[in-house]
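This is what each chain is made of:
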Amino acid sequence: MELASFILDIFLVIAAVVAFLARPRIGGQLAKGLRTLLIGVVLLGLAHLIETVLFAMFNLDRQTNEVVHRLLIGIGFVFVILGFFTMRRAFDG
């Protein structure tokens, strides 16, 4: 199961990076917001990979690993939210 989790985590990170690279080339605040949002998506993917690596390779205890995972997810969502706010300002302005 650890191998399956690791492969799925790698897939999540690759998908997030591909989404970042495939974003439309637009300008201004909209581009800045989309870039920020997609950085958050990459962080969300990395959070899962880091969780798996900390547990499988470094044998970090479960509770600490879960706290680290949730902190990284929280940071990822902050970037997603900031990206949406920036994009919203582009439409309002």
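Treat the numbers as computed from the prediction; the structure is a model and nothing was measured.

S.K.: What exactly am I supposed to notice about a nonpolar patch on the surface here?
M.R.: Taken together, I10, I14 and V18 make up a surface patch of nonpolar side chains, about 240 Å² in accessible area. Here V18 is to be found in helix 1 (residues 2-22).

S.K.: Any chance you could explain the confidence of the model for the chain here in plain terms?
M.R.: Note: predicted coordinates in regions of low pLDDT should not be interpreted at a detailed level. Per-residue pLDDT for the chain averages 91, and the proportion of residues at 70 or more is 98%. Mean pLDDT across the elements of the chain ranges from a minimum in helix 1, with 90, to a maximum in helix 3 (residues 62-92), with 94.

S.K.: What am I meant to see in the side chain of E51 here?
M.R.: With respect to the helices and strands, E51 occurs in helix 2 (residues 28-56). Although E51 is buried, it makes no salt bridge; R70 carries the closest opposite charge, 5.5 Å away. Residue contacts for E51: discarding those within four places in its chain leaves N65, E66 and H69.

Criteria and cut-off values
- Residues numbered from 1 in each chain as written.
- Predicted model: local features only at pLDDT ≥ 70, side-chain atom pairs only at ≥ 80, totals over all residues.
- Heavy atoms only, no water.
- Patch = residues over 30% accessible without salt bridge, like charges linked within 9 Å, V, L, I, M, F, W, Y side chains within 5 Å.
- Areas by Shrake-Rupley, 256 points an atom, 1.4 Å probe, with all protein chains shown as cover.
- Salt bridge = Lys/Arg side-chain N within 4 Å of Asp/Glu carboxyl O.
- Helix = DSSP H or I, 4+ residues; strand = E, 2+ residues; numbered from the N terminus.
- pLDDT = per-residue confidence, 0-100.
- Buried < 20%, exposed > 50% of the residue type's maximum accessible area, 1.4 Å probe, protein only.
- Lys, Arg positive; Asp, Glu negative; His and termini not counted.
- Contact = heavy atoms within 4.5 Å.

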